Amino acid sequence: MTSPAGLGGARVGCVLQAGVARVTLCHPGKFNAMSRAMWRQLRTVFEQIAATESLRCVHLSGADGHFCAGGDISEYPDFRFQINELHDFHENEVWAGLSAMLACDVPIVAQIAGNCMGAGLEIASCCDLRLAGASARLGAPIARLGFPMAPREAQLLVREVGWATVREMLLQAAVLDAAEMKARGFLHAVYGDAELLEQAQARVQQLLTLAPQAARRNKRSLRALAAATCVESTPLDAYDYADSAEQREGIAAFLSKRRARF
Amino acid sequence: MTSPAGLGGARVGCVLQAGVARVTLCHPGKFNAMSRAMWRQLRTVFEQIAATESLRCVHLSGADGHFCAGGDISEYPDFRFQINELHDFHENEVWAGLSAMLACDVPIVAQIAGNCMGAGLEIASCCDLRLAGASARLGAPIARLGFPMAPREAQLLVREVGWATVREMLLQAAVLDAAEMKARGFLHAVYGDAELLEQAQARVQQLLTLAPQAARRNKRSLRALAAATCVESTPLDAYDYADSAEQREGIAAFLSKRRARF
Amino acid sequence: MTSPAGLGGARVGCVLQAGVARVTLCHPGKFNAMSRAMWRQLRTVFEQIAATESLRCVHLSGADGHFCAGGDISEYPDFRFQINELHDFHENEVWAGLSAMLACDVPIVAQIAGNCMGAGLEIASCCDLRLAGASARLGAPIARLGFPMAPREAQLLVREVGWATVREMLLQAAVLDAAEMKARGFLHAVYGDAELLEQAQARVQQLLTLAPQAARRNKRSLRALAAATCVESTPLDAYDYADSAEQREGIAAFLSKRRARF
């Protein structure tokens, strides 16, 4: 499997070795923020993983000491202010990437260091085991950027993060540390930053000793349970805030490195 | 907006100022227990809040160092023993008040001091951010009063408080302290009693800096998710315990300040 | 009510006394692992409990310092490799036992000492109050045995144990201690091993003082809420792994006391 390369080194890399797919979110200088190209690559990578029968585990991490800081906001002025493009971005690019992860039949171990925000939190929510370094910080502070979370992405977070924490993150722009997110049930374990990689590798090695078809069946079973209460699609008017002054101000302020005035 | 006044000072007050609705549960001498009139006022207050486009936040608290001790049991002999009146109380008065809160599109910060029982726990469950003082105590010990929780109120608690804790509260009459309810995921934060007000005000001030339309959209989105699995109404026979000896004994014992014999 | 006796002392015992049904899981030498006969007895015991109007509480525990170590694997070669027998075991014997517990209208207190694995965790998930000794260990490490969890049993665990922990238990074969399972919201309280019995008895005594019809109504109400999102049955092909090499190896390895090679 080749790792698609993007502009400026932004890419979702994937290396297959000995039953493990090592997937890396990489966007140098942007804490691995997801560009549109990276969302499309995420989908492709997980579709290839789904087609590889010999795999037993995915080990997902980010490059350079961070997991993923969110979306690549520098791209937002190009498409977020037009309703059809905004709908297409969330429903086709973002959700296609997350759906490919959710459709993955092998266990996914997330190794979460540093920033895990917005898109990063959504990607982590598609993983089965979530291990974090003590200095990791998690949230979805898009209320600072002037736009709401897409409904199906919010639904994913509600299931994995829980109602109370999702409300605090979306409405208060709360960013929580690893210990708090362990206490709230999102993270399975928190380790010292220096031992996170080793601990994640140990979990991956242990997964390789367990029954692979049982894992695939369990994942399908749990997916069917989750699907039983999920909405299938989102109406276009969920995105009719595209051209709002609020979203324009939030994104403009971020890109100008000033505080938004709402 | 005027604050309706009730008999003996029992009222749900509301003051609008600078984008914030400050709502106060007030029932002197009864730890702000909800009378029927207060339930109706709660509905009216939140309907007025919903109609005020300029609002960005609701700050909800109770008067005199408590949040709300439950229902006003002194009124119960007047209506709880007749099935139609009991149905009307829960389905129209209580649920109308809670529904108005759930329909509120702006973030609601609950400042929870002292007693937060029964009706108080239900009202807190309609809030987005729940901050408590260290000495707060939470529960729904109606098993001592001889009656069950109305089904839709139980459904609300299951979503916000969680299955395990709801069972312990309803079946065991458990009353839990703030630290335990933080650990169980219901409370977002616990502060020393003396700093609770200041911390709640700081959260309110921070909410005022965030994107208001994004908050309203996020709340509508989360409400739609919650509604997807909610029952719409309750059959009359859910209330056919109205005339039971058990409920009569529980309420009589409470009002006589003796222990009920079930 | 008589306690059915099984081969070698394996049985689900039940003694009724003063409004309490004391149910004991007992399988000497196997940490109370559930045999097929015990699953049938569990159903019968809870059907008898349901028919006894005077009962107010069930106190469930295991014999000899353990709760229940899972299924009786020594029986598995007799039926797990044929799809119809496997389906019948899970859908009729196991689910019938668990269903009888879930249909129980009186509060069930689980006293969880030592091993609480697989079937034991499922049985504990049907209880209303879960009290554990500090040395209890909980999990469902069937990924070591080469087979997945039956879908409705997984659904039960998702509701009671939570998505994140179910994934860790099923996919990673994680076994968690009592303190961790308290932190994750499954256990209501953890006590020193030596005081567990006394604390459980105190909870039972307190339940006897509370309104019995209110408890029955609350349990029916909560059951209706849970049922609203539950699947009704499982297609046969959920069991088409019956004759798989993977399940054969897992069970053979366990019975030979060697490590399975998957």
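What counts, and where the lines are drawn
- Residues numbered from 1 in each chain as written.
- Chains lettered and ligands numbered in written order.
- Predicted model: local features only at pLDDT ≥ 70, side-chain atom pairs only at ≥ 80, totals over all residues.
- Helix = DSSP H or I, 4+ residues; strand = E, 2+ residues; numbered from the N terminus.
- Rg over C-alpha atoms; globule rule 2.2 N^0.38 Å.
- Buried ≥ 20, exposed ≤ 12 C-beta atoms within 10 Å, placed from the backbone.
- Least-squares fit on C-alpha atoms with pLDDT ≥ 70 in both.
- Contact = placed C-beta atoms within 7 Å.
- Nonpolar A, V, L, I, M, F, W, Y, C, P; charged D, E, K, R; others polar.
- Pairing = 2+ DSSP bridges.
- Axes fitted to C-alpha atoms, helices over the stretch in contact; angles between N-to-C directions.
- Arc of directions from axis to C-beta.
- Parallel < 35°, antiparallel > 145°, perpendicular 65-115°, else oblique.
- Right-handed = clockwise from strand over helix to strand, strands pointing away.
- pLDDT = per-residue confidence, 0-100.

1. A few points about the overall build of chain A
When helices and strands are counted, chain A shows 9 helices and 9 strands. Whereas a compact globule of 262 residues would reach a radius of gyration of roughly 18 Å, chain A reaches 18 Å, a difference of no more than 12%. For chain A, the spread of C-alpha atoms along the three principal axes comes to 55 × 40 × 35 Å. Across the 262 residues that make up chain A, the buried fraction comes to 56%.

2. As for the relation of the copies chain B and chain A
Here chain B sits on chain A after a turn of 120° about the axis and a move of 0.0 Å along it, with an RMSD of 0.0 Å. In symmetry terms, the pair is related by a three-fold rotation axis. In this assembly, only 8% of the residues forming the interface of chain B have copies in chain A that are likewise at the interface, indicating a heterologous arrangement.

3. Quick look at the interface of chain A and chain C
Contacts between the two partners involve 24 residues from chain A, matched on the other side by 29 residues from chain C. At the level of elements, α4 (151-161), α7 (196-207) and α8 (212-227) of chain A are the ones that each hand at least two residues to the side of chain A that touches chain C. Broken down by element, the residue count for the side of chain A that touches chain C peaks at 9 residues, all from α8 of chain A. Of the residues that constitute the side of chain A that touches chain C, the class distribution is 12 nonpolar, 7 polar and 5 charged.

4. Comments concerning the interface of chain B and chain A
With 25 residues of chain B in contact, the opposing surface of chain A contributes 29 residues. Listing elements by their share of the side of chain B that touches chain A, those giving two or more residues are α4 (151-161), α7 (196-208) and α8 (212-227) of chain B. A per-element tally of the side of chain B that touches chain A places α8 of chain B first, with 9 residues. Residue composition of the side of chain B that touches chain A, grouped by class: 12 nonpolar, 8 polar and 5 charged.

5. Things to note about the sheet that holds strand β7 (residues 137-139) of chain B
Residues and elements named next belong to chain B. Read from one edge to the other, the open sheet built from 3 strands follows the order β5-β7-β8, with strand pairing classed as mixed. Edge positions in the sheet fall to β5 (115-117) and β8 (175-177), since each of these pairs with one other strand and no more. Each adjacent strand pair in this sheet contributes to an overall mean axis angle of 20°, direction not counted. Where β7 lies against β8, 3 bridges are found, and the strand directions are antiparallel. Paired with G139 across the two strands is V175, which belongs to β8.

6. Considerations on unusual backbone geometry
Look at A173 of chain A: it is not a glycine, yet its phi comes out positive at around 55°. Among the structural elements, A173 of chain A can be located in the loop between α5 (163-172) and β8 (175-177). The phi angle at N32 of chain C is positive, at roughly 65°, despite the residue not being glycine. Here N32 of chain C lies in the loop between β2 (20-26) and α1 (36-50).

7. Some words on helix α9 (residues 245-255) of chain B
Residue and element names in this part refer to chain B. Within the span of α9, buried status applies to Q247, G250 and I251. Viewed along the axis of α9, the buried residues span an arc of 90°, placing them on a single side of the element. Once α9 ends, the next one or two residues include K257, with phi positive near 55°.

8. Let's talk about the packing of helix α4 (residues 151-161) of chain C against helix α5 (residues 163-172) of chain C
All names here are of chain C. Look at α4 against α5: their axes get within 7 Å of each other, and the N-to-C directions meet at 130°. As far as their axial angle goes, α5 and α4 are oblique. Residues A154, L157, V158 and V161 of α4 lie in contact with α5, whose contacting residues are W163, T165 and V166. Residue composition of the contact of α4 with α5, by class: 6 nonpolar, 1 polar and no charged.

9. Let's talk about the sheet that holds strand β4 (residues 108-112) of chain C
Residues and elements named next belong to chain C. Taken in spatial order, the 6 strands of this open sheet run β1-β2-β3-β4-β6-β9, and their pairing is mixed. The open sheet has two edge strands with one neighbour each: β1 (11-17) and β9 (189-191). Between one strand and the next, the sheet's axes are offset by a mean angle of 20°, whatever the strand orientation. Bridging between β4 and strand β6 (residues 129-133) involves 4 bridges; their strand directions are parallel. The residue of β6 that forms the bridge with A110 is R130. Along the sheet, α1 makes contact with β1, β2 and β3 (57-62), crossing β1 at roughly 15°.

10. Re α4 of chain A
Burial runs high along α4 of chain A: 9 of the 11 residues are buried. Here α4 of chain A has its buried residues at P151, R152, E153, A154, Q155, L156, L157, E160 and V161 of chain A. Check the buried side of α4 of chain A and you find it contacts α2 (83-102), α3 (119-125) and α5 of chain A, α8 of chain B together with α5 of chain C. Looking one or two residues beyond α4 of chain A, the residue adopting positive phi is G162 of chain A, at roughly 100°.

11. Thoughts on the environment of L176 of chain B
Residue and element names in this part refer to chain B. Its place among the elements puts L176 in strand β8. For L176, a count of 21 C-beta atoms within 10 Å puts it in the buried group. It is 6.3 Å that separates the C-alpha atoms of L176 and G139, two residues lying 37 residues apart in sequence. The contact partners of L176, leaving out residues within four places of it in the chain, are L138, G139 and M181.

12. Structural notes on the relation of the copies chain A and chain C
Aligned on chain C, chain A shows an RMSD of 0.0 Å; the corresponding rotation is 120° and the shift along the axis is 0.0 Å. Counting the interface residues of chain A, we find that no more than 8% of their copies in chain C are interface residues as well, pointing to two distinct contact surfaces.

13. Some words on the pairing of strand β1 (residues 11-17) of chain A
Residue and element names in this part refer to chain A. Note: β1 against strand β2 (residues 20-26), 7 bridges, orientation antiparallel. Bridge pairing in β2 links R11 to C26. The hairpin formed by β1 and β2 contains 2 residues between the paired strands, and A18 there has a positive phi angle of roughly 55°.

14. A look at the pairing of strand β2 (residues 20-26) of chain B
Residue and element names in this part refer to chain B. Burial analysis of β2 places 5 of its 7 residues in the buried class, which makes it a mostly covered element. Where β2 meets strand β3 (residues 57-62), 6 bridges bridge the pair, whose relative direction is parallel. Residue pairing for β3: L25 is matched across the bridge by G62. Traced from β2 through helix α1 (residues 36-50) to β3, the parallel crossover comes out right-handed.

15. Details of the environment of F147 of chain C
Along the chain, F147 of chain C turns up in the loop between β7 (137-139) and α4. Given 25 C-beta atoms within 10 Å, F147 of chain C falls into the buried group. Among all residues touching F147 of chain C, those that are not within four sequence positions of it are A214 of chain A together with I142, Y241, Q247 and G250 of chain C.

16. Topic: the environment of D88 of chain A
Turning to its location among the elements, D88 of chain A is positioned in helix α2. With 148 residues separating them along the chain, D88 of chain A and L236 of chain A place their C-alpha atoms 9.4 Å apart.

17. Observations concerning the confidence of the model for chain A
Averaged over every residue, the pLDDT of chain A is 95; the share at 70 or more is 97%. Scored by ipTM, the complex comes to 0.95, with pTM at 0.96.

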